[in-house]
Structures are given as C-alpha cells and as structure tokens.
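# Breakdown of the fold
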Amino acid sequence: MQTLQPSQSLARAVSDESAIVTQGLSKSYKNVRALIGVDLVVPPGSVFGLLGPNGAGKTTLVRILATLLKPDAGTARVAGYDVVREGARLRTQIGVAGQYAAVDENLTGFENLEMVGRLYHLGGRVAQSRADELLEHFDLEEAGRRPVRTYSGGMRKRLDLAAALVARPPVIFLDEPTTGLDPRSRVSLWETIERRVAEGSTVLLTTQYLDEADRLADRIAVIDHGGVIAEGTSDELKHQVARERLEVVLGEGADPTVALQALAVMGDGQQPRVEGQVISVSVGRRPGAIVEAVRRLDTARVEIVDLAIRRPTLNDVFFTLTGHKAEESAGEEAE
Amino acid sequence: MRQLLAAIGDTLVITRRNLMRIPRAPDLLIGFTVQPVMFVLLFVYVFGGAIKTPGFKYVDYLMPGIITQTIAFGGYLTAVGLSEDLRKGLVDRFRSLPMARSAVLAGRTLADVVMNLLATALMVAVGLAIGFRFATSVPQVLAGILLLLLFGFAFSWIFALMGLLASSAESAGSIGFLIVFPLTFVSSAFVPVQSMPSLLQAFAKANPFTIVVDAARALFLGTPAGNSIWLALAWSLGLIAVFAPVAVARYRRVVAN
C-alpha cells in the first residue's frame, strides 16, 4: 500500500525539514466546521495539491497557513515558523495569490508590484527593478504602465501570481489560481506556474480541478468536509483508490442486467455503474480482461457495440472517495 | 525602534498608494477638488447676498466654515477605500505581507490628512481670488490649519468605523454623508447661529462643528476666541481617543473571520 494515510505521513515527517507541517488543525465558523483535525506534511521543493470541492475547507487551510486566520485547535508550521506565535517572521517567507485577484485596480501593474516589494522591505530601487523583471516574465510588459482595471481576467491572475513571487519566497500559496479563467488562459497560467514557481520553491496549490492537480502537483491531498480523506501522488491515488474500469457499450436490444450478470465474476466487488446502454465494471488490473469480457458476453448472447478498458482518472478517485463528483459544488465556501 | 521605523515606512507606502489612486478615480478627484470650489462659489455668490453676517464680508465668514466641512468629509476616502480593500482582498494581501499590520489603517487616515491639506490649499487659493483675506499672523493661520487637519483626522477614524461596519463601499459613503451633512449645516459654519430657531440654536451651540469653526475664525480672522480653540482641540483629541480604538478593534474583528 503506497498511499499514505495522513497519520502515517505525519509519523514519517521530519518537521524541521518540511516546508509545511500541520497537526490536528481545526477551525469552525459559527455553525460550520470548516477544518476537522487536518494533518499535512509538505516536503520542501515540491508542489503540493489540495484538491476538493467548494466548501471543503481548502481556503480556510490556506488562510490559516498564511496567518490571515487563527486556528481553533492544532498547530501549523510554515518554513519552520509557527503560524500563531511567529506570524511576523513567517510572513517574510511566504507569497500568497488568492482566489480573487488581490491587486489594486486603480494602480498600474508596475505600481502594484513595486508597492508589494516595498512592503516586503526590499528597498525602493530593488522593488522597482523586481517589478519590471516580473512584468517581463509574466508577459505584462506592455500593460505594466496601465491601470489594472483595464486588464483581462487572465492578466489580473498573472499579476496576482507575480505579486506572490516578488520577494522570491520559499513557500508559495496559490488558492485556486485558475478559477474563472477560460481554458486557454488556464493552460498558459499552468505553464507560468511550472516555469516560474517550481524553481526550488515549495508550492501549496488548492484547486477544484482534477486536471490542474494532476498536471501541477507532485503530491495531492484530497480534502472534503474539512478533512483530508486521501493523500499520495496522482498515480498512487489512481491505483489505490480507483481501479481500471471495463466499459461496455451494449447494442440497442441488449439487456444491461444480463450483461452485468455475465461480467459479475470479473468485478472487484465495487458497485458497477449503468448509464443507459453503457455499463462500467471495476475490474482491478486484470490482464486479458478484454478477451474474457468478450467471451463471457458472447456466451450470454449480449450484443455489444464497443468495449474498452478505461484507465482511472482523478475524477474516479474523487467519486470513489467522496461519493460525489469533484466539480460539483458542495455549497458555498464557508466564509 | 527598528520596528517603529519599519512601521512608519510601511504606513508611508500605504499612504502613497492611497493617494496615487485618487487621480485615477474621477469621482473621488472631483469630490475633493471641483466640489469644494463649487461650494465656495455657490455659497458666496448665491446665498452670500441673503445671509447677514454682521461685521464680516460673507466670504470671510464662510471660508473657515466651508474648509472645516470639506475637511470633515475627507474621511470619506477612508470609509470607501477601506470597505473596498476588505471586499476585494487587498487587506488580505497586506496582512499576508511582512509589513506592520497597523499600517493598513494608519496609511488610510494619513492619506486623508494629506488630501485635506491639498483641498485646503485649493480652497484658500480660490477664496483669496474672490476676496477672502486672513486677518491674523502667519503662525496663527498655520495653527488654524493644523487644528482643522487634526479635527479631520478625528473624522477619518469615525469614517473608518463606518467603512468597517457598512455592507458596501457605497453605503459606507452615504452613511458618512447622512451624519456629517446635518452636523455641518446646523452649526456656525455657514450662517450665524443666532439666526436659527431656538431649538436648533441649542444644538448648534453644543455642536463640535460650531466650536471648531469658531476656533478657525479666531485663528484666521482674529475674532474673539473665548475657549473655542482649547475646546476644539479637546473635541478632536477626544474623538480620536474614542473612535481610533473602536475602529481598530472592529478592524481586528472583521479580518479575523
């Protein structure tokens, strides 16, 4: 079993060397328990994905780690500093890009970055040259002298991300960096994150998009209803939690019940799914599954149109773990 | 000491940012340039002929009053700006940076003071152009301006509280208007208190605006000060002593959730 349960991963942790360590982190709002005993360990230099639907507690976790919010219980250290007791020193080590692009609309891109640089105490001249440098990196050179309110959504997100990188912080929090972007801007932002962010920094990325976690994160924690329900690499999660599925498209006259009976012995015990004339049976990783399935369906005289083995996606992982799809909203974010 | 210097530095960065935004937001810019000048002109040329101010030209009577009113409204920038920064995530950005956390509010109210100074200079210039004259010494005039700026600073904290309580930037602004407008009009700012019905007179005499405007007249025009200067100072410091801690406490509560 390669997938590490949170408690095991904590036991493995050498907390001094980890970029982020949380232990029993809990937070409640009036009636909502936003986080319930979250244990996480993020090794330095890695991209850690926090995957979960709206309201799962991702933003609350990031806000606590960025010292914007105090936990009710539990401890957390970022870059070696305690989030409650050593907030001031911790803040010199982090950069944050939020779900809502927190940039000043009435300032230019350059002025925004320069201001952030001065507030990191880089000094005026360094803050200015760093601002120019980042505008160039983020393809905002031309727009840099225009007020941000003239920017597109993608440009704002890029500027927000640039602001998080001004001081080259060792730990970077990206809270849903691509939410609300069109697909092309998303891909281009991913490339930027990969190029610029993963140069030795530790990144904690929250997302409700599976493809985003899959693409960017070295390790992923699946979070739902305030708790971590699984953790591992993308492949570990896919292999451990969800199996390969045999997907059969039945002919028009064929009875799905008969087909399911014929394939029952091949299943691994998980509930098969039926959607119209398409049935899907979890088969684990059985060699020869296709041949066997064809033979069994033929013997049962079930007419088939198509048949394939589908590799598991993170969506299957999510469905298996939570009983609902990842991108379905589970209510408003609890804030 | 180093921490204090850093906090001052951070406050200045935030102040500068708050001031840089103003020329880019036409409504704010107009509110602090065109509008006060327009009021000066309207009052002097429209109402001035009908209002009797024994012993004064109306423009001389008006200028200390209208400068006081404009300065009291300076905090509007804080109410609207703070409310907007909270809602748009700018406050979160600031709070995630290694800057002094006090600089967010301090930079707001300090920006108001700078803006008030500019608006005062503009109004005095327009006043001088249409016949207003100081009748006192330069130190007295400067003391008067400092006193008004201090009074405006007190109102910035009241406005800060409104910005933190209001549900939107717009409502923060309108609550401010609803409070400041009646206070300034039922005072000695525009008309002599003696011309009001007796009930209003009682209110107007106790109104801190009357006290501050009387103090400004004493320092600008040389009218008898009585104890108005000390009372104006006490009101300003008293309002700051009450509203600054309340606003800071409210700010802490708002950002904690």
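Residues numbered from 1 in each chain as written. Chains lettered and ligands numbered in written order. Predicted model: local features only at pLDDT ≥ 70, side-chain atom pairs only at ≥ 80, totals over all residues. Heavy atoms only, no water.

### Topic: the overall build of chain A
What chain A contains, in helices and strands, is twelve helices and 14 strands. Across the 335 residues of chain A, 54% fall into the buried class. A fraction of 69% describes how many contacts in chain A between residues 6 or more apart in sequence connect residues 24 or more apart. About 14,800 Å² of surface is accessible on chain A, with carbon and sulfur atoms providing 47% of the total. (Helix = DSSP H or I, 4+ residues; strand = E, 2+ residues; numbered from the N terminus. Buried < 20%, exposed > 50% of the residue type's maximum accessible area, 1.4 Å probe, protein only. Contact = heavy atoms within 4.5 Å. Areas by Shrake-Rupley, 256 points an atom, 1.4 Å probe, with all protein chains shown as cover.)

### Here we look at a nonpolar patch on the surface
Residue and element names in this part refer to chain B. On the surface, I30, V34, M38, L41, L42, Y45, V46 and F47 cluster together to form a nonpolar patch covering roughly 740 Å² of accessible area. Ranked by residue count, the leading element in the nonpolar patch is helix α3 (residues 34-47), at seven residues. As for its position among the elements, L42 is in helix α3. (Patch = residues over 30% accessible without salt bridge, like charges linked within 9 Å, V, L, I, M, F, W, Y side chains within 5 Å. Salt bridge = Lys/Arg side-chain N within 4 Å of Asp/Glu carboxyl O.)

### Some points on the UniProt feature "transmembrane region" (unreviewed entry) in chain B
Per the UniProt record, "transmembrane region" (unreviewed entry) is annotated on residues 28-49, 61-82, 103-130, 142-165, 172-191 and 229-249 of chain B. Span residues 61-82 of chain B is 91% helix and 0% strand, its end C-alpha atoms 35 Å apart. (UniProt positions renumbered as here; feature names shortened; annotations may be inferred.)

### Thoughts on the sheet that holds strand β11 (residues 245-250) of chain A
All names here are of chain A. Spatial ordering of the open sheet is given by β12-β13-β11-β14, a layout of four strands whose pairing is antiparallel. In this open sheet, the two strands that pair with only one neighbour each are β12 (273-275) and β14 (304-310). Neighbouring strand axes in the sheet, compared pairwise and without regard to direction, differ in orientation by 15° on average. Relative to strand β13 (residues 278-282), β11 is paired through five bridges, and the arrangement is antiparallel. Paired with V248 across the strands is I279, a residue of β13. (Pairing = 2+ DSSP bridges. Axes fitted to C-alpha atoms, helices over the stretch in contact; angles between N-to-C directions.)

### As for the UniProt feature "domain: ABC transmembrane type-2" (unreviewed entry) in chain B
Mapped onto this structure's residue numbering, the UniProt feature "domain: ABC transmembrane type-2" (unreviewed entry) falls at residues 27-254 of chain B. Between the C-alpha atoms that bound residues 27-254 of chain B there is a distance of 27 Å. The span itself is 78% helix and 0% strand.

### Some points on the confidence of the model for chain A
All names here are of chain A. Per-residue confidence for chain A gives a mean pLDDT of 83, with 88% of residues at or over 70. When the elements of chain A are averaged for pLDDT, helix α1 (residues 6-12) gives the smallest value, 43, and helix α4 (residues 109-119) the largest, 96. Taken as a whole, residues 1-15 scores under 50 in pLDDT and shows 25 contacts with residues more than four places along the chain or in a different chain. In the model, residues 328-335 has pLDDT below 50 throughout and makes 21 contacts with residues more than four positions away in sequence or in other chains. (pLDDT = per-residue confidence, 0-100.)

### Some remarks on the domain arrangement of chain A
Here chain A is described as being made up of domain 1 (6-93 + 169-239) and domain 2 (243-311). A separation of 39 Å is found between the C-alpha centroids of domain 1 of chain A and domain 2 of chain A. (Domains from an automatic or database assignment.)

### Overview of the nonpolar core
In this structure, L113 of chain A together with I66, F94 and F155 of chain B are the most contacted members of the largest nonpolar core, which totals 114 residues. The element that contributes the greatest number of residues to this core is helix α8 (residues 138-165) of chain B, accounting for 15 residues. If sequence neighbours within four positions are ignored, I66 of chain B has contacts with F39, V40, F43, M123 and F190 of chain B. (Core = buried A, V, L, I, M, F, W, Y, C linked by side-chain atoms within 4.5 Å.)

### A look at the environment of E191 of chain A
Residue and element names in this part refer to chain A. When you line up the elements, E191 lands in helix α7 (residues 183-197). The partly exposed category is assigned to E191, whose relative accessible area is 36%. For the pair E191 and V305, spaced 114 residues apart in sequence, the C-alpha separation works out to 40 Å.

### Topic: the side chain of D60 of chain B
All names here are of chain B. Considering the arrangement of structural elements, one finds D60 in helix α4 (residues 58-73). Here D60 is buried and forms no salt bridge, its nearest opposite-charge partner K57 lying at an N-O distance of 4.1 Å. Excluding residues within four positions of it along the chain, D60 makes contact with G131, F132, R133 and L221. (Lys, Arg positive; Asp, Glu negative; His and termini not counted.)

### A closer look at unusual backbone geometry
Residue and element names in this part refer to chain A. Unusually for a residue other than glycine, R168 sits at a positive phi of about 45°. Tracing the chain through its elements places R168 in the loop between α6 (153-165) and β7 (171-175). Residue R168 is classed as exposed on the basis of its relative accessible area of 56%. Although it is not a glycine, R301 adopts a positive phi angle of roughly 55°. In this fold, R301 is placed in the loop between α11 (289-299) and β14.

### Some words on the pairing of strand β4 (residues 73-78) of chain A
All names here are of chain A. For strand β1 (residues 20-28) and β4, the ladder comprises five bridges, and the chain directions are antiparallel. By the bridge assignment, S26 is partnered in β4 with A73. Both β4 and strand β5 (residues 81-82) contribute to a ladder of two bridges, which runs antiparallel. Opposite V78, over in β5, you have Y81 as the bridge partner. Adjacent in sequence and paired antiparallel, β4 and β5 are bridged by two residues, among which A79 carries a positive phi angle near 50°.

### Some remarks on the pattern of salt bridges
For the structure on display, the rule yields 25 salt bridges over all chains. For the salt bridge of E176 of chain A with K58 of chain A, the shortest nitrogen-to-oxygen distance reads 3.2 Å. Of the two residues, E176 of chain A sits in the loop between β7 and α7 while K58 of chain A sits in helix α2 (residues 58-65), which places them 118 residues apart along the sequence. On the basis of relative accessibility, which here comes to 1%, the residue E176 of chain A falls in the buried class. Since its relative accessible area comes to 0%, K58 of chain A is described here as buried. Salt bridges sharing common partners tie together D104 of chain A together with R17, R21, E84, D85 and R108 of chain B.

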